[in-house]
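Per-entry structural report
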Protein chains: 2
Amino acid sequence: MNVELVTVGTELLLGFTVDTNGAEVGRACAAAGIRLVRRTAVSDVPADIRAAVAEALDRTGIVITTGGLGPTQDDATKAVVADLFGRPLVTDPDVAQSLEERARRMGRWPMAASNRTQAEVPAGATVLPNPRGTAPGIWLEDPAGRIAILLPGVPREMRGLLHEEVLPRLGQRVAGAARVVRSRTVRTTGVAESTIADRVGPLEPDLAPLTLAYLPSVDGVDLRLTAWDLAAGDADARLAAGAGRLRDAIAEHCYGEDEADLAAVVLEMLRARGATLAVGESCTGGLLGARLTAVPGASAVFLGGEVAYADAVKIDRLAVPAELLAAHGAVSEPVARAMAAGARTAFGTAAALGVTGIAGPAGGTPEKPVGTVWLAAQWGDAARAVRVVFGGDRDEIRARAAQGALNLLRRLLAGA
Amino acid sequence: MNVELVTVGTELLLGFTVDTNGAEVGRACAAAGIRLVRRTAVSDVPADIRAAVAEALDRTGIVITTGGLGPTQDDATKAVVADLFGRPLVTDPDVAQSLEERARRMGRWPMAASNRTQAEVPAGATVLPNPRGTAPGIWLEDPAGRIAILLPGVPREMRGLLHEEVLPRLGQRVAGAARVVRSRTVRTTGVAESTIADRVGPLEPDLAPLTLAYLPSVDGVDLRLTAWDLAAGDADARLAAGAGRLRDAIAEHCYGEDEADLAAVVLEMLRARGATLAVGESCTGGLLGARLTAVPGASAVFLGGEVAYADAVKIDRLAVPAELLAAHGAVSEPVARAMAAGARTAFGTAAALGVTGIAGPAGGTPEKPVGTVWLAAQWGDAARAVRVVFGGDRDEIRARAAQGALNLLRRLLAGA
């Protein structure tokens, strides 16, 4: 089954808004065996909306629109598509009632007259209830089987309607042996793309028909396996087997799949050991603590941290010996190790991390260029330190340093 | 002048990639007086690319494409558009030479045969040099004045070619009195959208023909003024005057314009006073320090911080009296004030911030629901504390708390 998407909004064409709905619809359709074959963005101008929707219906037969369903004059999608299907707009009593209830509940009573227009739907349309907002989705179908599905532009509302109302209805029309596009991502960090390629490249013929993409980011290199046009069960079985083979091949560099977060992985490893964690960070300036405390429930493991940005703070609050700083400089192995050990002692934890580096843009030297970071991890009496020169700008260097510190502890805990 | 954009890439339609190029092209065109009237995304399939480009040329006459210029089999844009214009592909000696020089410089010699295809351009095309990558941009024009401009899909390369090669050339063809769409954004935080509307709403008739949009985010409410279809000089003059009127109306709630960052604003206020800063943070867990140290040169002002996630750390490392915690709980005015005062003493700074709250999803009570945060600021002997109940999920509450703390200090320093 092929569909097209028409996203409506002058803000999209002016670039004030990035069209994330487009990616969301594409991904969800592909995973459900529905192929998005074209995406068109037009402004709020009724003639432009009408042309784009009419062309999509002629070309592909099924069109999803996002945007232009609100109560203001700019919102033209509903009227335009109703007219295109030759249907008048009529007030839907159920929608009118739920709008009124919502307005009372939110203390916006009496309801603005403009909001009442949101209860108008094209005659004969199926109303798709939108519990997350005021504008319902609308499903319009003509005797020739052409379908227009109108969704709001607010991403949260669009997503809910897509998954709860639209895809199940379209799915019923997809042949039993629907062929899907699905992917699964194995996440690695702390390893060069070329090293992964050396290990994983030889597997690629065996993985076929799955394809493999290398996706580098500040978190590391993700490996995305994709099943193209396979039956859903076959796709899932091949993806599971393929992901297993990739994980075996890259072993110690893999920290999870899909949305896995390394901070959550490390916290869980410590929680399983009944252990606590503290950090001492300089160039990351709090980012490492922020990564850890972004995980709900972090307080069971993470007690706190010292942001030791100034050297005096490293000495006074983390007991880094002034002689070490004088002899080796703040960005050095002895100082990183002393920061981790100092954090462990100061906070009384089982595990600790230390991070010190040069995030730039200034401060680099020939011996210690911008991007140079020393990372140290301590777990009981075991300690490890590593020097890395990270690429990228200040933000990227800091993000990579936080991820690198977490990975050092992950590997220390795993006994790698 | 109207143009269309065709973005090429199966990954775009599958939603593996979000189309940021589309927003970038729209924004840059509008600011230059060029109207992007439609944006179409198609897969790598040559017939789909051909149809989209041909339709755009028929409809609008000028089309920019992004993507599909690389050396692999998937990259079909160049061949398809050359064929559409009835031009053969010929090797451009200058491009071939620069590709060879680049390959030698990067140690990729001998060059892969597939890379040589990147030196092929449609006969009669203008080559747009791309110093950031291997695929040059291509400008094709037929006797009827129809123009196709092919750009690579890599955002950094696309952006460079757009601003350095494409917009200057299109600009020459725009009438002298080109009418532009430009905007200017006044940033506020710590104030409800309705309060802003009360103050700013009465100005709207005077601001016309500029329009005003309220854009709420975790950072606060941005006010975007937009000039539509005005001559460039008129637009800029009206935007400057309008932004000034908005700033006067919202006075103490405004911290800057456009890309202004509140952490940088606060650091600059302190730097101008020769003062230093420390933080004591609980629910933000390092995020406040991370915000401050994201600013290059922060070390001139920010000495460090205590991530006091556990209560014992608040007592041991920030000298928060255990009795206060027992009597009022960790999320309370006395504890927030004690954290700020403790950080100021511990780090020996002139200014300090304290943050303690319930980021959720668990931990809320009827009296202190999820989102409850106490913020405290100290500047010399002056201190201030405020309780806020932030909306949103864990990430949003934490981000709003960090922004709120910075704003409290900004206002304390400004003597508001």
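This structure is a prediction, so every number in the text was calculated from the model and none was measured.

Some thoughts on the domain arrangement of chain A
Domain parsing of chain A yields domain 1 (2-173), domain 2 (179-257) and domain 3 (262-414). Residues belonging to the side of domain 2 of chain A that touches domain 3 of chain A are distributed by class as follows: two nonpolar, four polar and two charged.

Here's the deal with helix 10 (residues 232-250) of chain A
Residue and element names in this part refer to chain A. Helix length check: helix 10, at 19 residues, gives a terminal C-alpha distance of 27 Å against a target of 27 Å (1.5 Å per residue), a fit within 8%. What helix 10 keeps buried is the set Ala235, Leu239, Gly242, Ala243 and Leu246. Projected down its long axis, helix 10 shows its buried positions confined to an angular sector of 105°, all on one face. Of the residues in helix 10, the exposed ones pointing more than 90 degrees away from the buried face are Gly233, Ala240, Gly244 and Asp248. Buried-residue contacts for helix 10 involve strand 9 (179-188), helix 8 (193-200), helix 9 (204-207), strand 11 (220-231) and strand 12 (254-257). Note on helix 10: the residue one or two positions beyond its end, Ala251, has a positive phi of about 35°.

Things to note about the pairing of strand 1 (residues 2-8) of chain B
The side chains of a regular strand alternate, residue by residue, between the two faces of the sheet. Residues and elements named next belong to chain B. With six of seven residues buried, strand 1 lies mostly within the body of the structure. In this structure, strand 1 lies alongside strand 2 (residues 35-42), joined through seven bridges in parallel fashion. Note on strand 2: the bridge partner recorded for Val3 is Leu36. Across four bridges, the pairing between strand 1 and strand 3 (residues 62-66) is parallel. Residue pairing in the sheet places Glu4 in a bridge with Val63 of strand 3.

Section: the relation of the copies chain A and chain B
What connects the two chain copies is a rotation about an axis and a shift along it. Aligned on chain B, chain A shows an RMSD of 0.4 Å; the corresponding rotation is 180° and the shift along the axis is 0.3 Å. When the rotation and shift are considered jointly, the pair of chain copies conforms to a two-fold rotation axis.

Points about the nonpolar core
Counting residues in each nonpolar core, the largest one holds 240 residues, and the members touching the most others are Met339, Leu353 and Ala405 of chain A together with Met339, Leu353 and Ala405 of chain B. When near neighbours in sequence (up to four residues on either side) are disregarded, Ala405 of chain A contacts Leu288, Leu353, Val355 and Leu375 of chain A.

Considering the confidence of the model for chain A
Caution applies to low-pLDDT parts of the model: their predicted coordinates are not meant to be read in detail. Chain-level pLDDT for chain A is 94 on average; 99% of the residues reach the 70-or-more range. Scored as a complex, the prediction yields pTM 0.90 and ipTM 0.90.

Some words on helix 13 (residues 311-318) of chain A
Residues and elements named next belong to chain A. Within helix 13, burial applies to Val313, Lys314, Arg317 and Leu318. Buried residues of helix 13, seen end-on, are gathered within an arc of 105° and therefore sit on one face of the element. Once helix 13 ends, the next one or two residues include Ala319, with phi positive near 60°.

Here we look at the interface of chain A and chain B
Of the residues lining the interface, 44 residues belong to chain A; the matching set on chain B comes to 44 residues. Those elements that place two or more of their residues in the side of chain A that touches chain B are helix 1 (10-14), helix 2 (20-31), strand 2 (35-42), helix 12 (287-293), strand 14 (302-308) and helix 16 (394-414) of chain A. Here the residues of the side of chain A that touches chain B sort into 24 nonpolar, twelve polar and eight charged. Where strand 2 of chain A lies against strand 2 of chain B, five bridges are found, and the strand directions are antiparallel. Note on strand 2 of chain B: the bridge partner recorded for Thr40 of chain A is Thr40 of chain B.

A look at the sheet that holds strand 15 (residues 351-357) of chain B
Spatial strand order, 17(A)-16(A)-15(A)-13(A)-14(A)-14(B)-13(B)-15(B)-16(B)-17(B): ten strands in an open sheet with mixed pairing. The sheet terminates laterally at strand 17 (382-389) of chain A together with strand 17 (382-389) of chain B, the two strands that pair on one side only. If you compare each strand with its neighbour and ignore which way they point, the axes differ by 10° on average. As defined by bridge partners, strand 13 (residues 277-281) of chain B adjoins strand 15 of chain B across five bridges and the pair is classed as parallel. Pairing of Glu281 of chain B across the sheet is with Val355 of chain B, part of strand 15 of chain B. This element, helix 13 of chain A, spans strand 13 (277-281) and strand 14 of chain A together with strand 14 (302-308) of chain B of the sheet and lies at about 140° to strand 14 of chain A. Along the sheet, helix 13 (residues 311-318) of chain B makes contact with strand 14 of chain A together with strand 13 and strand 14 of chain B, crossing strand 14 of chain B at roughly 140°.

A word on the packing of helix 11 (residues 262-272) of chain B against helix 16 (residues 394-413) of chain B
Residue and element names in this part refer to chain B. Put simply, helix 11 and helix 16 touch, their axes get as near as 10 Å, and they point 30° apart. Here helix 11 is positioned roughly parallel relative to helix 16, judged by the angle of their axes. In the crossing of helix 11 with helix 16, the sense of the turn from one axis to the other is left-handed. Counting all contacts with helix 11, which are made through Leu262, Ala263, Val265, Val266 and Met269, the residues of helix 16 involved are Gln403, Leu406, Asn407, Leu409, Arg410 and Leu413. Residue composition of the contact of helix 11 with helix 16, grouped by class: eight nonpolar, two polar and one charged.

Re the sheet that holds strand 9 of chain A
Residue and element names in this part refer to chain A. Reading across the sheet, the four strands line up as 10-11-9-12 and stay open at both edges, with antiparallel pairing between neighbours. Both edges of this open sheet fall to strand 10 (211-217) and strand 12, since each of them pairs with a single strand only. Going across the sheet, the axis of each strand differs from the next one's by a mean of 25°, ignoring polarity. By the bridge criterion, nine bridges tie strand 9 to strand 11 in an arrangement that is antiparallel. Pairing of Ser183 across the sheet is with Thr226, part of strand 11.

What counts as what
- Residues numbered from 1 in each chain as written.
- Chains lettered and ligands numbered in written order.
- Predicted model: local features only at pLDDT ≥ 70, side-chain atom pairs only at ≥ 80, totals over all residues.
- Domains from an automatic or database assignment.
- Nonpolar A, V, L, I, M, F, W, Y, C, P; charged D, E, K, R; others polar.
- Helix = DSSP H or I, 4+ residues; strand = E, 2+ residues; numbered from the N terminus.
- Expected span 1.5 Å × (residues − 1).
- Buried ≥ 20, exposed ≤ 12 C-beta atoms within 10 Å, placed from the backbone.
- Arc of directions from axis to C-beta.
- Contact = placed C-beta atoms within 7 Å.
- Pairing = 2+ DSSP bridges.
- Least-squares fit on C-alpha atoms with pLDDT ≥ 70 in both.
- Core = buried A, V, L, I, M, F, W, Y, C linked by C-beta atoms within 7 Å.
- pLDDT = per-residue confidence, 0-100.
- Axes fitted to C-alpha atoms, helices over the stretch in contact; angles between N-to-C directions.
- Parallel < 35°, antiparallel > 145°, perpendicular 65-115°, else oblique.
- Left-handed = near helix turned anticlockwise from the far one by under 90°.

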